[in-house]
Amino acid sequence: MADESPVLLVAHADVNTRQLTRDTTRAIFAMRQRTWPDGQAVRVFVLANDHPLHARFAKERLAVFPHQLQLAWDRMVFSGTGQAPTRVFTQVEMRERIASTPGALGYLEREYLDDRVQVISVE
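Keep in mind the model is a prediction, meaning the values are calculated, not measured. (Residues numbered from 1 in each chain as written. Predicted model: local features only at pLDDT ≥ 70, side-chain atom pairs only at ≥ 80, totals over all residues. Heavy atoms only, no water.)

Draft legend 1. The arrangement of helix H3 (residues 66-79) in detail. Taking 1.5 Å of rise per residue, 14 residues should cover 20 Å, and H3 covers 20 Å from first to last C-alpha, within 8% of that figure. Among the residues of H3, those classed as buried are Pro66, Leu69, Gln70, Ala72, Trp73 and Met76. Seen end-on, H3 carries its buried residues on one side only, within an arc spanning 160°. Across from the buried face of H3, at angles greater than 90 degrees, the exposed residues are Arg75 and Phe78. Summarising the contacts, the buried residues of H3 are in contact with helix H1 (22-29), strand S3 (43-47), helix H2 (52-62) and strand S4 (86-88). (Helix = DSSP H or I, 4+ residues; strand = E, 2+ residues; numbered from the N terminus. Expected span 1.5 Å × (residues − 1). Buried < 20%, exposed > 50% of the residue type's maximum accessible area, 1.4 Å probe, protein only. Arc of directions from axis to C-beta. Contact = heavy atoms within 4.5 Å.)

Written as structure tokens, this is what we have:
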């Protein structure tokens, strides 16, 4: 575990926000907050619930378990009050989708970063 790369919050290069609180990050990934602090729409991308990086991101960055996120998404979808985030299958696909989608937010390990995405710090 000690040699695992940290899970980084990453966004589309044009997003103006450079830092989010953990509460705001959790609200965005729970699909309760649908915009960036400057009002731009957020498009959230996640890996599958059983992907090891998704589990690490949920626990380390959001302080929730993956199944708690899934319950929140299911509740919104079934009640008609919202939608679940877009699911991707690999970190490469995550990077490509974030790089090509204005307002996108997701997470990656450092080795998957390139200059088309930016890291957002979480306080």
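Draft legend 2. Representation of the pairing of strand S1 (residues 7-12). Counting buried positions along S1 gives six out of six residues, so the element sits mostly inside the fold. Both S1 and strand S5 (residues 104-109) contribute to a ladder of five bridges, which runs antiparallel. Along S5, the bridge assignment pairs valine 10 with glycine 106. The pairing of S1 with strand S6 (residues 117-122) spans four bridges and is classified as antiparallel. Each bridged residue has a counterpart across the sheet, and for valine 10 the counterpart in S6 is valine 119. (Pairing = 2+ DSSP bridges.)

Draft legend 3. Structural detail: the packing of aromatic side chains. In the structure shown here, the tally under the stated rule is three aromatic pairs. Consider the rings of phenylalanine 57 and tyrosine 107, whose centres lie 4.2 Å apart with planes at 10°: the pair is stacked. With phenylalanine 57 in helix H2 and tyrosine 107 in strand S5, this residue pair connects regions lying 50 residues apart in the sequence. The same class applies to phenylalanine 57 and to tyrosine 107, which are both buried. The rings of Phe29, Phe57 and Tyr107 are connected pair by pair, giving a single aromatic cluster. (Phe/Tyr/Trp six-rings, centres within 6.5 Å; stacked < 30°, edge-to-face > 60°.)

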